[in-house]
Amino acid sequence: MRMRRMSDREIKLLLAVLIMAILFGAYQSGYQRFHRKASGLRNENSNMAIQKNELLQKQLRKDEIIVETARLKDKTELILSRFPPAITQEKSMMFIIYLTQLSGMKLTSISFHDISPFYTPDRVSNTSPFDGTALSQNTAAMSGGNTAPSGQAPVPYGAASEKQDFNITGYKTAVSISYQATYSGLKKCLSLIANNKERMNVGELTASFDNATGNLTGIMTIKLYALEGIEGDYEEPDFDGIDIGTSNIFSTFELYGGVK
């Protein structure tokens, strides 16, 4: 059987199809790839232009930014200065003694809570004692009672930690006391806690009037805080003023009847 010879028209059509196939393959393998690269470069250039404008704006505000950074740094240092480097039961006991002596409160019981973290460089708990988000904002701008919660290692209070850029861990504890006090004594106690040089606050407070004595009785929970990683060393409290075997380790005054 003899094969039919292709006509010139058929040869032209076949060549046209081959040319279209070659052009389509070149489009898919070449043009599209370079088009994607070009789009990526355009986006990258656009982002770099935005960054350039931001840097130019910052350059124009250089003096203002330096002043603001210094202000935020001072604010951060002021916040950190209110936190001791450690908290222990001995130190908490010494503070309670100081509190009762100045306010004239009489204590019937005292209990110490466990120590737990409230701040790490990557996490802030809901009970953080920092004012709002000041500390986290300032961090961005600046770019024994030795117990621990269940399942965690004891907190190495008093031991120096490796100093890194803002490598700070915050710890909290609380002391609950059952008290008896005059009205003025309770107000003075709350004022001493609120104005203490170290960061602390009252978590819970109850007060009931005692008709027999005219005084107030209740329970108060004082929350205490410390930051590990800040400058400063822990100093052991001095108990020299308390005799061994004393009937009242808090050295408090005897309350009298009547509300003051």
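Refer to the preceding data block for the structure.
Attention here is on the structure that accompanies the text. (Residues numbered from 1 in each chain as written. Predicted model: local features only at pLDDT ≥ 70, side-chain atom pairs only at ≥ 80, totals over all residues. Heavy atoms only, no water.)

## Things to note about the side chain of S92
Mapping S92 onto the fold places it in helix α3 (residues 89-103). Residues contacting S92, with those up to four places away along its chain left out, are F112, V175 and L224. (Helix = DSSP H or I, 4+ residues; strand = E, 2+ residues; numbered from the N terminus. Contact = heavy atoms within 4.5 Å.)

## A word on the pattern of salt bridges
Side chains carrying opposite charge are able to pair once their charged atoms draw close together. Under the criterion given, the structure shown has 3 salt bridges. In this structure, E68 engages R71 in a salt bridge whose closest nitrogen and oxygen atoms are separated by 2.7 Å. Of the two residues, E68 and R71 are both situated in helix α2 (residues 62-80); the distance of 3 residues between them amounts to about one turn of the helix. For E68, a relative accessible area of 35% translates into the label partly exposed. The closest approach of N and O atoms between E198 and K91, which form a salt bridge, is 3.1 Å. (Salt bridge = Lys/Arg side-chain N within 4 Å of Asp/Glu carboxyl O. Buried < 20%, exposed > 50% of the residue type's maximum accessible area, 1.4 Å probe, protein only.)

## Focus on the environment of A226
Position of A226 relative to the elements: it lies in strand β7 (residues 216-228). Remark: the alpha-carbon pair of A226 and R199, spanning 27 residues in sequence, is separated by 8.0 Å. In contact with A226, other than residues within four places in its own chain, are F83, P84, P85, A86, I87, F118, T169, G170 and Y171.

## Thoughts on the packing of α3 against helix α5 (residues 183-194)
Any two packed helices are characterised by how steeply their axes cross, that is the angle between the axes, and by the distance between the axes. Taken N-terminus to C-terminus, the directions of α3 and α5 make an angle of 140 degrees; their axes are 9 Å apart at the nearest point. What the angle tells us is that α3 and α5 run oblique. When you trace α3 past α5, the crossing you get is right-handed. Here F95, Y98, L99, L102 and S103 of α3 come into contact with α5, specifically with G185, K188, C189, L192 and I193. Of the residues belonging to the contact of α3 with α5, the class tally is 7 nonpolar, 2 polar and 1 charged. (Axes fitted to C-alpha atoms, helices over the stretch in contact; angles between N-to-C directions. Parallel < 35°, antiparallel > 145°, perpendicular 65-115°, else oblique. Left-handed = near helix turned anticlockwise from the far one by under 90°. Nonpolar A, V, L, I, M, F, W, Y, C, P; charged D, E, K, R; others polar.)

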